[in-house]
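Examining the three-dimensional arrangement
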There are 2 protein chains.
Amino acid sequence: MSLYTEIFEQPQVMTNLLSRQSQEVERIAAELRRRDIEYVFLAARGTSDNAGRYANYLWGAHNGLPLALATPSLFTYYNQPPLLKNALVVGVSQSGQSPDIVSVLAEGRRRGCATLAITNDAHSPLAAEADYVIDILAGEEKAVAATKTYTAQLMAIAMLSTALAQDPQRRAELERVPAWATQVLRLDSDIQRIAQRYRFVRQCVVLGRGFNYSTAFEFSLKLKELTYTLAEPYSSADFMHGPIAMLEQGFPVMAIAPDGAVFDALLEVLRKVRLDQSADLLVISDRPEALELAHSGVQLPEGMPEWITPLVSILPAQLFCMHLTITKGFNPDVPRTIRKVTETI
Amino acid sequence: MSLYTEIFEQPQVMTNLLSRQSQEVERIAAELRRRDIEYVFLAARGTSDNAGRYANYLWGAHNGLPLALATPSLFTYYNQPPLLKNALVVGVSQSGQSPDIVSVLAEGRRRGCATLAITNDAHSPLAAEADYVIDILAGEEKAVAATKTYTAQLMAIAMLSTALAQDPQRRAELERVPAWATQVLRLDSDIQRIAQRYRFVRQCVVLGRGFNYSTAFEFSLKLKELTYTLAEPYSSADFMHGPIAMLEQGFPVMAIAPDGAVFDALLEVLRKVRLDQSADLLVISDRPEALELAHSGVQLPEGMPEWITPLVSILPAQLFCMHLTITKGFNPDVPRTIRKVTETI
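Note that the structure is predicted; figures quoted are calculated from it, not measured.

Within chain A, the regular secondary structure consists of 13 helices and 10 strands. For a compact globule of 345 residues, the expected C-alpha radius of gyration is about 20 Å, and chain A comes in at 19 Å, within 12% of that figure. In terms of overall dimensions, chain A has C-alpha extents of about 55 × 45 × 40 Å along its principal axes. In chain A, the share of contacts with a sequence separation of at least 24, taken over all contacts with a separation of at least 6, comes to 75%. For chain A, the exposed surface amounts to about 11,100 Å²; the carbon and sulfur share of it is 46%. Looking at charge distribution, chain A has the averaged site of its 32 positive side-chain charges lying 3 Å from that of its 38 negative ones.

Residue-level contacts link 71 residues of chain A with 70 residues of chain B. Here chain A and chain B share an interface that buries about 5,900 Å² over both sides, 55% of which is from carbon and sulfur atoms. Interface area lost by chain A to chain B is led by Tyr78, Leu230 and His241 of chain A, which between them contribute 12%. On the surface where chain A and chain B come into contact, there are 10 salt bridges. Between arginine 45 of chain A and aspartate 238 of chain B there is a salt bridge, and its shortest N-O distance comes to 2.8 Å. Counting across the chain A and chain B interface gives 24 residue pairs in polar contact (both at pLDDT 80 or more). Only β1 (39-43), α2 (46-63), β2 (67-69), β6 (203-208), α9 (213-227), β7 (230-235) and α10 (236-240) of chain A provide two or more residues apiece to the side of chain A that touches chain B.

This part takes up unusual backbone geometry. One non-glycine residue, serine 278 of chain A, adopts positive backbone phi at about 55 degrees. Inspection of the secondary structure assignment puts serine 278 of chain A in the loop between α11 (263-276) and β9 (280-285). For leucine 137 of chain B, which is not glycine, the phi torsion reads 50 degrees and is therefore positive. With respect to the secondary-structure elements, leucine 137 of chain B resides in the loop between β5 (132-135) and α6 (148-165).

Let us now look at the packing of helix α5 (residues 148-165) of chain A against helix α6 (residues 168-175) of chain A. Residue and element names in this part refer to chain A. Viewed as axis vectors pointing N to C, α5 and α6 meet at an angle of 160 degrees, and their least axial separation amounts to 9 Å. Here α6 runs roughly antiparallel to α5, going by the angle between their axes. Considering the relative orientation of α5 and α6, their crossing is left-handed. Packed against α5, whose contacting residues are Met155, Ala158, Met159 and Thr162, the element α6 presents Arg170, Arg171 and Leu174 at the interface. The residue inventory of the contact of α5 with α6, partitioned by class, reads four nonpolar, one polar and two charged.

Right, let's get into the domain arrangement of chain A. Residues and elements named next belong to chain A. Here chain A is partitioned into domain 1 (2-174) and domain 2 (179-327). For domain 1 versus domain 2, the separation of C-alpha centres amounts to 25 Å. For the pair domain 1 and domain 2, the summed buried surface comes to about 2,400 Å²; carbon and sulfur atoms form 74% of the total. Where domain 1 meets domain 2, there are zero salt bridges. For the interface between domain 1 and domain 2, the tally reads eight residue pairs in polar contact (both at pLDDT 80 or more). Elements with a contribution of two residues or more to the side of domain 1 that touches domain 2: α1 (2-33), α2, α5 and α6. Broken down by element, the residue count for the side of domain 1 that touches domain 2 peaks at nine residues, all from α2. Within the side of domain 1 that touches domain 2, the residues separate by chemical class into 17 nonpolar, eight polar and three charged.

This next bit is on the sheet that holds β6 of chain A. All names here are of chain A. Strand order in the open sheet formed by five strands is β7-β6-β8-β9-β10, with parallel pairing between adjacent strands. Strand pairing shows two members of the sheet lacking a second neighbour, β7 and β10 (296-299), which therefore form its edges. Neighbour-to-neighbour, the strand axes of the sheet open up by a mean angle of 15 degrees, direction not taken into account. Of the strand pairs in this sheet, β6 and strand β8 (residues 252-256) are connected by three bridges, and their pairing is parallel. Its bridge partner lying in β8, leucine 207 is registered against alanine 255. Taken strand by strand, α9 contacts β6, β7, β8 and β9, and its axis lies near 175 degrees from that of β7. Strands β8, β9 and β10 of the sheet are contacted by helix α13 (residues 310-327), whose axis makes an angle of about 135 degrees with β9.

The rules behind these values
- Along each chain, residues carry numbers from 1 onward, in the same order as the chain's sequence is written.
- Each chain takes a letter, starting from A, and each ligand takes a number, starting from 1, following the order in which they are written.
- Per-residue local features are limited, in this predicted model, to residues with pLDDT of at least 70; the limit for side-chain atom pairs, both in listing and counting, is 80 or more; totals at the level of whole chains, interfaces and linings are taken over all residues.
- Side-chain calculation: all heavy atoms of the structure are included, whereas hydrogens and water are not.
- Working definition: helices are DSSP H or I runs of at least four residues, strands are E runs of at least two. Numbering for both runs from the N terminus.
- In this description the radius of gyration comes from C-alpha coordinates, and the expected globular size is given by 2.2 Å times residues to the power 0.38.
- Here, residues are in contact when the closest pair of their heavy atoms is within 4.5 Å.
- The Shrake-Rupley method, run with a 1.4 Å probe sphere, supplies the accessible areas, and residue values consider only the shown protein chains as cover.
- The sign given to each residue is positive for Lys and Arg and negative for Asp and Glu; His and the chain ends receive no count.
- In plain terms, the charge of a residue is placed at NZ if it is Lys, CZ if Arg, CG if Asp and CD if Glu.
- Put simply, buried area is the surface a 1.4 Å probe can reach on two separate parts but cannot reach once they are joined, added for both.
- Take a side-chain nitrogen of Lys or Arg and a carboxyl oxygen of Asp or Glu: if they are within 4 Å of each other, that pair is a salt bridge.
- Whenever a nitrogen or oxygen atom comes within 3.5 Å of another N or O atom, the pair is scored as a polar contact, on the condition that within protein one atom can donate a hydrogen and the other can accept it, and that pairs from neighbouring residues in sequence are kept only if both atoms are in side chains.
- Simply put, an axis is a line fit to the C-alpha atoms, just over the touching stretch for a helix, and the angle between two N-to-C directions goes from 0 to 180 degrees.
- An angle counts as roughly parallel when it lies under 35 degrees, as roughly antiparallel when it exceeds 145, as roughly perpendicular when it falls between 65 and 115, and as oblique in every other case.
- A crossing counts as left-handed when the near helix is turned anticlockwise from the far one by less than a right angle, and as right-handed when that turn is clockwise.
- The nonpolar class holds Ala, Val, Leu, Ile, Met, Phe, Trp, Tyr, Cys and Pro. Asp, Glu, Lys and Arg form the charged class, and all remaining residues, Gly among them, are polar.
- Source of the domain bounds: an automatic or database domain assignment.
- Whether two strands pair depends on DSSP finding at least two bridges between them.

Written as structure tokens, this is what we have:
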């Protein structure tokens, strides 16, 4: 099964990217530091958009860069793009094919902005429009649902962050990610067992916050693509502003809750949904308080710096979705309706 | 019932805002035109965040302003806010109370950026942090689910857009909105009948694109808050990049599809979900091709310019949610779990 193989390739893909692309990323960072960049304007769709959400937090927190997610239809159907000035315009796309994403980079280039493509195809139309290209070198991804290209995009985003900040300590932390990834993939059979319990789930919400807002979105997208479960992602703060009203006894809530700055706030929300609303909780965490609260817990490796956790915490979610897909009797490699390359304008 | 009253107050609230705040909005726009603003950085939660999505498209298309939605946790828990420079920092909040939104404006002010509050309380902490305040003058909103304050926020955003662009034609178009709003509210009893059909809906998706991406989010939030239906909003393009796989025979799909630049693209997606996936369609539109495709159709007034449609197309969605709430046996004024003012950090 391609999906299974590709999930397990991830530590190797990360190692490969770290060793083969570091020099190029350093070179790009050095050039970007010389340019007058006030914010990032990022275009992406689907899984790549979730990688963009990680960039939103990481480049904001560690590189001081505000980030705007592009609204591609303004560049295509409306033909009224905003005036990009002193922006770094970034396109993230596995295939580099989607015309709407390419058009955002083309407009950035016309406006004299620096343009960067993060893609698995250095010969794609997206790469052709970019001043700088980070090829994520993930190899062909055969399964329709993206896994290894997602974590490779996160790694590329993280490598660029440490290179821009010239931060050797964080760079050293990044080198440890493949080992943590390998460690968490050893939970495969535990996760397979956990997945049984969710055989008849039709709907759920997925909570994450801060750096792992991205993980909540990507976990939820895999649930939809592979298991056809209506899974809606939320920041735990946005969830309190209305959607929490949906919860009723036994409603399934998934949460990504590694240790870090937002942990206490997220734990408070989890306590509320578990104890006040009687929700059914699945938690991915390294903290006992969160795991003990859950009906199903997945233990993350201890000691990971929070900013790195999205590269590792998505792996058990991918495994969970794959096993749940099989349990529900669907084909993990070829979801109904969708194809690998989606071209939207 | 407060919700019912407040939905029907909307044309009057809009008229009031147009007449009483135009001068102040013109004054603010004149000052902002003199400042060096390269992009907008906007903080909001819940319904106000959906108003922010409208600003994302409108200020992008008509005022050339790229817009970044803030990630408040970087300002609060992480204490690592991005470096705001040459930004217009905007906070949108009915109550003006949520500490995380206030902290984004405070940081903008510290950085020397122009700061703007759009709020229903000109004496709120949010207003106190802002150089400029647009008081939406909606009067007290008693129902927990926001309706009149949402459309008043949209109106404030639209008024600022026409004032910044000094566009008298669009300004004249805005003056017509209260009449269109009144016209669509006359569909109340039709919508009440339509809502019966959805008594047992537990989950659905809501599609919109471009200007009405905001409407899809707000429709979906009202469904969650009031009817406890798991409703997930999508741009029709993002929907094609994975989530469409969820659809199965009879899955309820709601769509906001007024005439305009993105209509043909959205219609194509609606044809696909209706004809290929056998989804069950509710459509809010002024175009017969879209209405004929639907199981349930709500006819919008004809002749509205697309950029204005979000101020009108949300009204039948609010009515639909209210009637569905009653049909399902819930209390429209006081949803379970949530309160009017949510303070998150």
